[in-house]
Amino acid sequence: MRLVLSWKFASACLSILALVSLSYVTGAVVMFYRLPSSGWLTNAFLGARVWNDRKEAQPPLSKVGTQATRTRAGSGKTFGGFTFYTCGGDEELGTQAFLIDTEHQLVHRWSTRFSQIWPNPGNVDAWPSDSSVCFFASFLYPNGDLLVVCQGQNPVDFGLAKLDKDSNVLWTYAAPIHHDIDVAEDGTIYALQHDFVYEMPRGLERIPVPCQVDFLIALSPDGKPLREPIPILTAFRDSSYRELLTPLESPVKQHQPPVGSTAPPITHLPPGPDLLHTNCVRVLRRDVADRFPDFKAGHVLVSVRNLNVLAMIDPEQGRIEWATRGPWLAQHDPQFLDNGHLLIFDNYGSPKGSRVLEYDPKTQAFPWSYSGPTVAGFFTSERGMNQRLANGNTFIVNSETGEMIEVTRDKEIVWSYSLDRFITTARRYSADELPFLEVDNGTGKRPQS
């Protein structure tokens, strides 16, 4: 009897194994020969790979930390003003953005739900819960309107939405927008959009496919496309900076050190499915353009994380006019400074972990850097932001630890605010930059910070 039962159990296991193997082989044949349903299978496969490759912004979005766990109030050395930040969604309160003063008091809040922004999200396969969606990138207008990139866990990129100061939805743009947005002086909205490709363009055939690539898009102030998206990959191919793409074409191989050397062999790994991982767009404005004589007002600076590269794109011509690689690794949030330098959040370049670099593109020098208040330094493997304030201080965001600090040129911390959440976006604004707060105040006087 036991022998019969054992044989039946073994037969069942073998049947299941045979069915799984047959399904695997069938799926492989369908994808290889592009038979019907191959697109669905390929997208499912790519989605799983990209989920594993792009783990950015994976905070527990169901728990909003709106109160600081460790704080330092503003001192006489702080720039002052108001700090804007976003950190996730909540089942009861929805997706939110906050504006606080230097004493950590809430001044204004935007709150909505993904189901209110997109009641029928036709651009996604599955309806997400409201608590699983966050404002991953934002742009705050002087009148209180808020432009937001909506991103879910795993991650899923839903699109762009514009809210008014009372959180009413003004318009939406449903597309796989990700990481960052900026608005030019004429109101043009620049954003990053990705797409899956199954063939590489001419001259890039050595890059493995299928994969995900990035495009720079331009929208009108009311969210309508203004021109064809610029494929960042082919913009590099057609520029004099083509060789910066070489790491994407390197097969798996090892470089052996010379005989007698104690150096270890160097392994070149193939690129992941998220090929470029472009994570920042920044428009060069007229008031600082003369400090960057090699660039022009209206050009767009992008950060390509997987190449450790910064590049300047002429959006009218779709050309890369300048690009560079430095000592930074997996960098984020490059900012134009009034002195003609760039401020860069360097995630992996410091032996301590992360750091902020001030970089002179003319001389290749680094006149200032910050790697933390202690010998141990600070570290965020994902995201991270920096901003040079008008008084010379620097605002720094450690996304993973949920900490925002303001440091002087002498690296003294003069303001801090810590949350129990992953910070997706944060910026400091002066009172003059946010005239809508006068209306909120209701007294005719601008709130003091």
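Residues numbered from 1 in each chain as written. Predicted model: local features only at pLDDT ≥ 70, side-chain atom pairs only at ≥ 80, totals over all residues. Heavy atoms only, no water.

Colleague: Can you help me understand the side chain of Asp145 in this one?
Modeller: Take Asp145: it is sitting in the loop between β5 (133-140) and β6 (146-152). Asp145 has contacts with Phe139, Leu140, Lys162, Leu163, Asp164, Lys165 and Leu170, leaving out every residue within four places of it along the chain. (Helix = DSSP H or I, 4+ residues; strand = E, 2+ residues; numbered from the N terminus. Contact = heavy atoms within 4.5 Å.)

Colleague: Got a minute to help me understand the pattern of salt bridges in this structure?
Modeller: Think of it this way: side chains of opposite charge can pair up when their charged atoms draw near. For the coordinates displayed, the defined rule picks out 18 salt bridges. Ionic pairing is found between Lys77 and Glu412, a salt bridge with its closest N-O pair at 2.7 Å. Taken together, the positions of Lys77 in the loop between β1 (71-72) and β2 (82-88) and Glu412 in the loop between β25 (403-407) and β26 (413-418) put the pair 335 residues apart, joining distant regions of the chain. Taking the shortest distance from any N to any O, the salt bridge between Arg227 and Glu316 comes out at 3.3 Å. Of this pair, Arg227 sits in the loop between β11 (211-219) and β12 (230-231) while Glu316 sits in the loop between β17 (309-314) and β18 (319-325), and the two are 89 residues apart along the sequence. When salt bridges with common partners are traced through the structure, they connect Asp180, Arg282, Asp333 and Arg427 into a single cluster. (Salt bridge = Lys/Arg side-chain N within 4 Å of Asp/Glu carboxyl O.)

Colleague: Before we go on, may I ask you to explain the nonpolar core in this structure?
Modeller: Across soluble globular proteins, nonpolar side chains show a tendency to be buried alongside one another. With 33 residues, the main nonpolar core has Met200, Val213, Leu233, Phe236, Leu248 and Leu275 as its most contacted residues. Elements with a contribution of two residues or more to this core: β10 (189-197), β11, α4 (232-237), β15 (278-283), β16 (300-304), β17 and β18. Counting 21 residues, the second-largest nonpolar core is a separate cluster that includes Val133, Phe135, Val148 and Leu437. (Core = buried A, V, L, I, M, F, W, Y, C linked by side-chain atoms within 4.5 Å. Buried < 20%, exposed > 50% of the residue type's maximum accessible area, 1.4 Å probe, protein only.)

Colleague: Looking at this structure, how should I read the sheet that holds strand β21 (residues 353-359)?
Modeller: Sheet strands pair by backbone hydrogen bonding; their relative direction is either parallel or antiparallel. In spatial order, the strands read β19-β20-β21-β22; together these four strands make up an open sheet with antiparallel pairing. Unpaired on one side and paired on the other, β19 (332-336) and β22 (368-370) mark the two borders of the sheet. Sheet twist, expressed as the average angle between the axes of neighbouring strands with direction ignored, equals 25°. Here β19 pairs with strand β20 (residues 342-350) via three bridges, running antiparallel. Following the sheet pairing, Gln335 is matched in β20 by Leu343. (Pairing = 2+ DSSP bridges. Axes fitted to C-alpha atoms, helices over the stretch in contact; angles between N-to-C directions.)

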